[in-house]
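One-letter residues, chain by chain:
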Amino acid sequence: MKFVTLMGSPRKEGNTATVLAWAEEELRAQGHEVDRIDVIDCTIGYCDGCFRCQDADGGPGCPLEDDANVIFRRIVEADGFILASPLYCWGFSAPLKALLDRSVCLVKRPASGDPVYMLGGKRAGLLVTAGGPDEGNADLITEVFSRLVEYLGCERTGRLVVPYCRLQMELGPNVEVQARDFAQDMVE
Ligand SMILES: Cc1cc2nc3c(=O)[nH]c(=O)nc-3n(C[C@H](O)[C@H](O)[C@H](O)COP(=O)(O)O)c2cc1C
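Cut-offs applied
- Residues numbered from 1 in each chain as written.
- Predicted model: local features only at pLDDT ≥ 70, side-chain atom pairs only at ≥ 80, totals over all residues.
- Heavy atoms only, no water.
- Helix = DSSP H or I, 4+ residues; strand = E, 2+ residues; numbered from the N terminus.
- Rg over C-alpha atoms; globule rule 2.2 N^0.38 Å.
- Buried < 20%, exposed > 50% of the residue type's maximum accessible area, 1.4 Å probe, protein only.
- Contact = heavy atoms within 4.5 Å.
- Lys, Arg positive; Asp, Glu negative; His and termini not counted.
- Charge placed at Lys NZ, Arg CZ, Asp CG, Glu CD.
- Pairing = 2+ DSSP bridges.
- Axes fitted to C-alpha atoms, helices over the stretch in contact; angles between N-to-C directions.
- Parallel < 35°, antiparallel > 145°, perpendicular 65-115°, else oblique.
- Left-handed = near helix turned anticlockwise from the far one by under 90°.
- Nonpolar A, V, L, I, M, F, W, Y, C, P; charged D, E, K, R; others polar.
- Near = heavy atom within 4 Å.
- Polar contact = N/O pair within 3.5 Å; in protein donor to acceptor, adjacent residues only side chain to side chain.
- Areas by Shrake-Rupley, 256 points an atom, 1.4 Å probe, with all protein chains shown as cover.

## Re the overall build of the chain
Then step 1. On a plain count of helices and strands, the chain comes out with five helices and seven strands.
Then step 2. Compactness check: the chain gives a C-alpha radius of gyration of 16 Å against a globular reference of 16 Å for 188 residues, within 12% of the reference.
Then step 3. Along the first, second and third principal axes, the C-alpha set of the chain runs to 55 × 35 × 30 Å.
Then step 4. Counting across all 188 residues of the chain, residues that qualify as buried make up 49%.
Then step 5. Taking contacts inside the chain between residues at least 6 apart in sequence as the whole, the part at least 24 apart equals 77%.
Then step 6. One way to put it: in the chain the 19 positive side-chain charges average out to a point 3 Å from where the 29 negative ones average out.

Quick look at the structure:
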């Protein structure tokens, strides 16, 4: 299978990148393909709410022709994707939030007939690192992720929250094992 991984931290060698790399390594070790995107390096404008994208045929169709459309095309070609984010103010980091807002273009709403889900059936995983606990802290991002997955017509296949890591590399010894288990959940 092929997975696009979206790394949403500005710290390219921080906690999120480290945990994601373990999951990616496990996917590759099992013969899967991984296409990593560091979202911080991408140009992603804010959704301006025009909704023209939802009528467009044959592609993401957002009139803002920046890296969001490029990323979406890569996900369309994959079997699944992983959103990897540091928990920022109980939610996704700003670069990922900008991208997720733009994902409304992936559900087409023809004038007649049912909606068309460009990511329909794709596997979707959430990986979060947080300075605080999971409970009462990462619950909101989990809920947002679940609703997004439902909205996009995807299948929620994995969730990993790594709590209590604030400084770079403050990761407990069992986190690598959890990351590899998370990768396993993505392909089962
Ligand atoms: C702007 C900002 C907001 C944050 N908000 C939260 C938060 O709401 N809850 C939390 O537990 N940790 C929060 N943190 C801590 C980060 O989630 C945590 O340090 C994370 O592991 C950083 O990942 P990184 O090393 O990949 O950047 C915040 C950190 C920053 C810089």
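## Observations regarding unusual backbone geometry
Then step 1. Residue Cys89 is not a glycine yet carries a positive backbone phi of 50°.
Then step 2. In this fold, Cys89 is placed in the loop between β3 (80-86) and α3 (94-102).
Then step 3. Owing to a relative accessible area of 69%, Cys89 belongs among the exposed residues under this scheme.
Then step 4. Not every positive phi belongs to a glycine, and Tyr164 is a case in point at roughly 55°.
Then step 5. Along the chain, the position of Tyr164 falls in the loop between β7 (155-162) and α5 (175-187).

## Brief notes about the sheet that holds strand β6 (residues 123-129)
Then step 1. Pairing is parallel in the open sheet, where five strands are placed in the order β2-β1-β3-β6-β7. Lying at the two open borders of the sheet, with one neighbouring strand each, are β2 (33-38) and β7. On average, each strand axis in the sheet is inclined to that of its neighbour by 15°, with strand direction left out of account.
Then step 2. As paired elements, strand β1 (residues 2-7) and β2 share six bridges and run parallel to each other. By the bridge assignment for β2, Phe3 is matched with Val34.
Then step 3. Here α3 sits on the sheet in contact with β1 and β3, set at roughly 140° to β3.
Then step 4. Strands in contact with α5 are β1, β3, β6 and β7; relative to β7, the strand with the most contacts, it is inclined by about 175°.

## Remarks on the environment of Pro133
Then step 1. Relative to the helices and strands, Pro133 is located in the loop between β6 and α4 (139-152).
Then step 2. Placed 29 residues apart in sequence, Pro133 and Val104 show a C-alpha to C-alpha distance of 30 Å.
Then step 3. Ignoring anything within four residues of it in the chain, the contact list for Pro133 reads Ala138, Pro163 and Tyr164.

## Some details on the packing of helix α1 (residues 15-29) against α5
For any two helices packed against each other, the geometry is given by the interaxial angle and the distance between the axes.
Then step 1. The contact between α1 and α5 brings their axes to 8 Å, and the two run at 50°. What the angle tells us is that α1 and α5 run oblique. Remark: the crossing between α1 and α5 carries right-handed chirality. Counting all contacts with α1, which are made through Val19, Trp22, Ala23, Glu25, Glu26 and Leu27, the residues of α5 involved are Val175, Glu176, Ala179, Arg180, Phe182, Ala183 and Val187.
Then step 2. A breakdown of the residues in the contact of α1 with α5 according to their chemical character gives nine nonpolar, no polar and four charged.

## Some points on the site of the ligand
Then step 1. Looking at the ligand, there are 17 residues lining it, with Ser9, Thr16, Leu87, Gly132 and Asn137 nearest.
Then step 2. Between the ligand and Asn15, the relevant distance is 2.8 Å, taken from an oxygen atom to a main-chain nitrogen or oxygen of the residue.
Then step 3. Within the backbone of Trp90, a nitrogen or oxygen atom sits 3.0 Å from an oxygen atom of the ligand.
Then step 4. Summarising the interface, the protein chains cover 76% of the accessible area of the ligand, which totals 640 Å² for the free molecule.

## Concerning the side chain of Arg102
Then step 1. In this structure, Arg102 sits in helix α3.
Then step 2. The exposure class assigned to Arg102 is buried, which follows from its relative accessible area of 2%.
Then step 3. Within polar-contact distance, the side chain of Arg102 engages the backbone oxygen of Gly45 at 2.9 Å.
Then step 4. For Arg102, the contacting residues outside a window of four places in its chain are Ile44, Gly45, Tyr46, Cys47, Cys62, Leu64, Asp66, Ala68 and Phe72.

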